[in-house]
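# Overview (structure and organization)
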Amino acid sequence: MTTDSEKKAPQGLSRRLFVQSGAATFAGLVLGFHLPANPNRRAEAFAATGTAEGKQGTEAKETRLNTWLRIAPDGLITIYVAKAEMGQGIFTAMPMLIAEELEADWSRIRVEPAPSDAEFNYSGRPFEVTGGSSSVRSTWDVLQRIGATARHLLLAAAAQQWGVPAESLHAEQGHIVHAASGRKAGFGELTATAAALPATALPKELKLKAPSEYKLIGKPMKRLDTPAKVSGKPLFGIDVVVPEMRYGAVRHSPVFGGECANFDALAKAMPAGTSLVKVAGGIIAVADSWFTAKTVVAGLQPKWTQGATEGLSSKDIDKKLRAAASGKNLPVAEARGEPDKALAKAKVKLDAEYSTPFLAHTPMEPLNCTAHVKPDGIELWVGTQSHSLTRFLVSQATQVPQEKIVVHTTYLGGGFGRRAENDMVFEALEASKAVGKPVKLIWSREEDVQHDFYRPATFVKLKAGLGEDGLPVAITGSIAGPSIMKRWTMFGGLPKTGIDGTTVEGLADMKYECPNLRVQACVVDTGVPVGFWRSVGASHNAFYTESFIDELAHAAKQDPYKYRRALLEKSQPRFVKVLDTVARMSNWETPPEKGHFRGIAIAQSFGSIVAEVAEVSVSAEGQPTVHKVWVAVDCGRYVNPDTIAAQMEGGVVYGLSAALRGQITLNKGRVEQSNFHDYTMLAPHEMPEIAVEIVESGEAPGGVGEPGTPPIAPAVTNALFAATGKRIRSLPISNHKLTGGKKS
């Protein structure tokens, strides 16, 4: 779709003056290029830049060379990142892509979050979202071209000033150099001239570096955001303080969908200096401190109406899921061959049922948002995974035009998909509107755990038939669970097929060789809110597929590693290479020390392939310990190897916490867990040693924020089978007694 403004613009030329209302404004000439919403037209924009009316002069001013780049007269380069930094390291990796092509001095780079203006949009889509491990892989080309555009402009500026051909110049460490004369100038000295150049100063085609020429990309770099974080600077949403700010503490109905029935009476009895605000599904106390607000709201006696899950238990949900997965004529997500006939003929048949529970996100930084509803607009300070979506939804709800809504995206103290939601934003808005002042709303950990958008609970039935060689001739599966996408209508919602792609990813598209396959799926509405959780569907489907493949290997009396390899070697060379790497790393074919046992798993998600081996032991009392995890990852072309190692380690910790003990259960419609005492994380002393190795492939960039999570649960449960002889087909592991079987 082409917008009206794009139709009017000359082909290949887009002259534009960028003045950001939500960021710093500059006196002086400002230069930029516009990326059209139509992706097919975006390449043209990099060959089109120009000038617009502005204040010119000889005084030193910072000049914005394009939407995401600013170079000061002293050569300090500021790169604006329109993605959310939530610990995954993109505030370093994304600037590295620009700096590489720009030939910048890395020590002169700083990074800032981009404002929510439409110009700061990499994708050309309506919303810029940080999720799906997509930040680097979806912007790689755009960011390189931004750096190359700026470099060519600076080369042209120096050529004009010195009266030499641009071809005789090169960029190096933040300078433009004329080797023949030894002359050089810092980037900051050339920006004003560069900004005044016509569009014709740029070459028709931008020449990007070959990977062999990279000086930054692929090299370990210290993170740009670390100094500010370790020095305690106020970077996160919970740090925000604005004039006349009040504090809000929320209390929700214990049952999903319940409402406060005695709000008016409660509001009249509020202590002096406090007020009570009604929001969807809850109430907010507003006071001059969060402690006061939390104390007041905790002391109230609200009466709640019955909600959608009144009386519902986890056992009820399990029955629903089992019944749905056993239904006939379920929608088909993937099918090939004739699996029913092949199963009937197979001499060896296996079937298994697996399940996984609801899981909470529990980011370390409690959910929060500071909102100020003013007569002339709205201002928000929030750690959001999509500032543009937040602004759009707020505009839709309040009827305030988007241009009058400013979203300040703070650093996120963890996201994992939870901060793609905006429930805390709408609550803060209601509170600010009610009291007429800015309000910082902070959720307690209890509210966070008991009112999340959880990872869906799912149940799957798997069947397989083995051939004479022990390899599967047919696999069928039927999975049931709540739909995530049904609620996300702005991203397509639930397709007419009735199959939520997030439910079957990692199951319907399994890469193991099998001539006859059928995967079916159905949606079961449990009344429990669900949302995106780190690695989404792959988080449960890797557990299902990798556990089942391990069972097939055992039935075929074959080594689990070699069995997987045999199923992949014909058509999946990247998988084989990753599998071989993790086997080598863990010395798979050499027995571990006495009492230790290993398990293996491999999964693909978000464009990356990750294999993991876990080494475990089980005490005489049945207590499992994970001693070491080896991780091999093929994420294609990558930017910062330090970031990859950190994200693999983080993914393992997150997934291991969930596998060992993570579960959200319901009793009488209420979530039973409430804080870290009963929704526990992996403690430091429980942390296994983790070794990470990157498998080079040179393929298209893949994600790294999430793919480390899916393989860890099956790697551990497969190791526990090796240790005890007991198959774990439901999570968490803590629900199972591991005594008996092999002795450690």
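Residues numbered from 1 in each chain as written. Predicted model: local features only at pLDDT ≥ 70, side-chain atom pairs only at ≥ 80, totals over all residues. Heavy atoms only, no water.

When you go through the protein residue by residue, the secondary structure sums to 19 helices and 25 strands. Taking 2.2 N^0.38 as the reference for a compact globule, 744 residues should give roughly 27 Å; the C-alpha atoms of the protein span a radius of gyration of 28 Å, in line with that estimate. Structurally, the protein occupies a C-alpha span of about 80 × 70 × 50 Å along its principal axes. Considering only contacts within the protein whose residues lie at least 6 apart along the sequence, 75% involve residues at least 24 apart. As presented, the protein carries roughly 30400 Å² of accessible surface, and 52% of it is formed by carbon and sulfur atoms. Of the charged side chains in the protein, 83 are positive and 77 negative; the average position of the first set lies 3 Å away from that of the second. (Helix = DSSP H or I, 4+ residues; strand = E, 2+ residues; numbered from the N terminus. Rg over C-alpha atoms; globule rule 2.2 N^0.38 Å. Contact = heavy atoms within 4.5 Å. Areas by Shrake-Rupley, 256 points an atom, 1.4 Å probe, with all protein chains shown as cover. Lys, Arg positive; Asp, Glu negative; His and termini not counted. Charge placed at Lys NZ, Arg CZ, Asp CG, Glu CD.)

Below, the discussion takes up the pattern of salt bridges. For the structure shown, the criterion picks out 36 salt bridges. For K209, the salt bridge goes to E100, with nearest N and O atoms at 2.6 Å. Taken together, the residues K209 in the loop between helix 5 (187–195) and helix 6 (226–230) and E100 in helix 3 (residues 90–102) connect sequence positions 109 residues apart. As far as burial versus exposure is concerned, K209 and E100 are alike and both buried. Between E421 and R487 there is a salt bridge whose closest N-O contact spans 2.9 Å. (Salt bridge = Lys/Arg side-chain N within 4 Å of Asp/Glu carboxyl O. Buried < 20%, exposed > 50% of the residue type's maximum accessible area, 1.4 Å probe, protein only.)

This part takes up the pairing of strand 9 (residues 275–279). Sheet analysis places strand 9 next to strand 10 (residues 282–287), joined by five bridges and oriented antiparallel. Bridged to V277 within strand 10 is I284. (Pairing = 2+ DSSP bridges.)

A few words on the confidence of the model for the protein. Any region with low pLDDT has predicted coordinates that should not be read closely. In the predicted model, the protein carries a mean pLDDT of 90, and the fraction of residues at 70 or more is 90%. The low-confidence segment residues 1–59, where pLDDT is below 50, has 121 contacts with residues more than four positions distant or belonging to other chains. (pLDDT = per-residue confidence, 0-100.)

Quick look at the side chain of R151 now. By the secondary structure assignment, R151 is in helix 4 (residues 140–162). Within polar-contact distance, the side chain of R151 engages the backbone oxygen of E101 at 2.3 Å. Here K207 takes part through its backbone oxygen, which lies 3.5 Å from a polar atom of the side chain of R151. Ignoring anything within four residues of it in the chain, the contact list for R151 reads E101, L102, E103, A171 and K207. (Polar contact = N/O pair within 3.5 Å; in protein donor to acceptor, adjacent residues only side chain to side chain.)

Turning our attention to the nonpolar core. By size, the foremost hydrophobic cluster in this structure holds 80 residues, and its most contacted members are Y563, V716 and I733. The residues contacting V716, other than those within four sequence positions of it, are A614, V616, V626, L656 and I733. Grouped together as the second largest cluster of nonpolar side chains are 56 residues, A150, A157, F187 and L190 included. (Core = buried A, V, L, I, M, F, W, Y, C linked by side-chain atoms within 4.5 Å.)

Once that is clear, we can look at the sheet that holds strand 25 (residues 689–694). The four strands lie next to each other as 20-21-22-25, forming an open sheet whose pairing is mixed. Every other strand in the sheet has two partners, leaving strand 20 (597–605) and strand 25 as the edge strands with one partner each. Taken pair by pair, the neighbouring strands of this sheet meet at an average axis angle of 15 degrees, ignoring direction. Sheet analysis places strand 20 next to strand 21 (residues 608–618), joined by nine bridges and oriented antiparallel. Across the sheet, the residue bridging to F597 is V616, located in strand 21. This element, helix 18 (residues 641–661), spans strand 21, strand 22 (624–634) and strand 25 of the sheet and lies at about 135 degrees to strand 25. (Axes fitted to C-alpha atoms, helices over the stretch in contact; angles between N-to-C directions.)

Those residues of helix 16 (residues 560–568) not exposed but buried are Y561, Y563, R564, L567 and L568. Buried positions in helix 16, seen along its axis, are confined to an arc of 165 degrees and lie on one side of it. For helix 16, the secondary structure elements touched by its buried residues are strand 17 (458–466), strand 18 (472–481), helix 15 (538–555), helix 17 (573–585), strand 20 and helix 19 (712–724). (Arc of directions from axis to C-beta.)

Bringing the sheet that holds strand 10 into the picture now. Spatial strand order, 9-10-8-16-13-14-15: seven strands in an open sheet with mixed pairing. Across the chains shown, the open sheet's two edge strands, defined by having one partner strand only, are strand 9 and strand 15 (405–409). Along the sheet, successive strands turn relative to each other by an average axial angle of 25 degrees, direction set aside. Here helix 8 (residues 290–299) sits on the sheet in contact with strand 8 (246–252), strand 10 and strand 16 (439–442), set at roughly 30 degrees to strand 8. Lying on the sheet, helix 12 (residues 423–435) is in contact with strand 8, strand 9, strand 10, strand 13 (368–374), strand 14 (377–382) and strand 16; it crosses strand 13 at an angle near 40 degrees.

Next up on the list: helix 3. Between its first and last C-alpha, helix 3 extends 18 Å over 13 residues, near the 18 Å set by a 1.5 Å rise per residue. A large share of helix 3 lies buried, amounting to 13 of its 13 residues. After helix 3 finishes, the residue E103 shows a positive phi value of roughly 65 degrees. (Expected span 1.5 Å × (residues − 1).)

Turning our eyes to something else, we now look at the side chain of R445. Of note, R445 is situated in helix 13 (residues 445–450). A polar atom in the side chain of R445 sits 2.8 Å from the backbone oxygen of P363. Contacts of R445, omitting those with residues within four sequence positions, involve T362, P363, M364, E365, P366, S674, N675 and F676.

Here we take up unusual backbone geometry. Backbone torsion omega between L731 and P732 reads 5 degrees, so that peptide bond is classified as cis. With respect to the secondary-structure elements, P732 resides in the segment after helix 19. With phi around 50 degrees, Q173 is a residue other than glycine that occupies positive phi space. The topology assignment puts Q173 in the loop between strand 5 (169–172) and strand 6 (175–178). Given the relative accessible area of 48%, Q173 is considered partly exposed. Positive phi, normally seen in glycine, also occurs at V536, with a value near 50 degrees. On the accessibility criterion, V536 (10% relative accessible area) is buried.

Where strand 3 (residues 77–81) meets strand 4 (residues 109–113), five bridges bridge the pair, whose relative direction is parallel. Across the sheet, V81 pairs through a bridge with P113, a residue of strand 4. Where the polypeptide runs from strand 3 across helix 3 and back to strand 4, its parallel neighbour, the crossover connection is right-handed. (Right-handed = clockwise from strand over helix to strand, strands pointing away.)

Think of a pair of aromatic rings as described by two things: how far the centres are apart, and how the planes are tilted against each other in angle. Across all of its chains, the model carries 13 aromatic pairs by this definition. Between the aromatic rings of W533 and Y654, the centroid separation amounts to 5.0 Å while the plane-to-plane angle is 35 degrees, which identifies the pairing as tilted. On the criterion of sequence distance, the pair formed by W533 in the loop between strand 19 (517–523) and helix 15 and Y654 in helix 18 is long-range, its members being 121 residues apart. Accessibility assignment for this pair places W533 and Y654 in one class, buried. These aromatic residues form a ring-pair network of at least three members: F127, F392, W488, F491 and F532. Across from the ring centre of Y654, 5.5 Å away, lies the NZ or CZ of R534, which sits over that ring. Directly above the ring of F721 sits R727, whose terminal nitrogen or CZ lies 3.6 Å from the centroid. (Phe/Tyr/Trp six-rings, centres within 6.5 Å; stacked < 30°, edge-to-face > 60°. Lys NZ or Arg CZ within 6 Å of the ring centre and 35° of its normal.)

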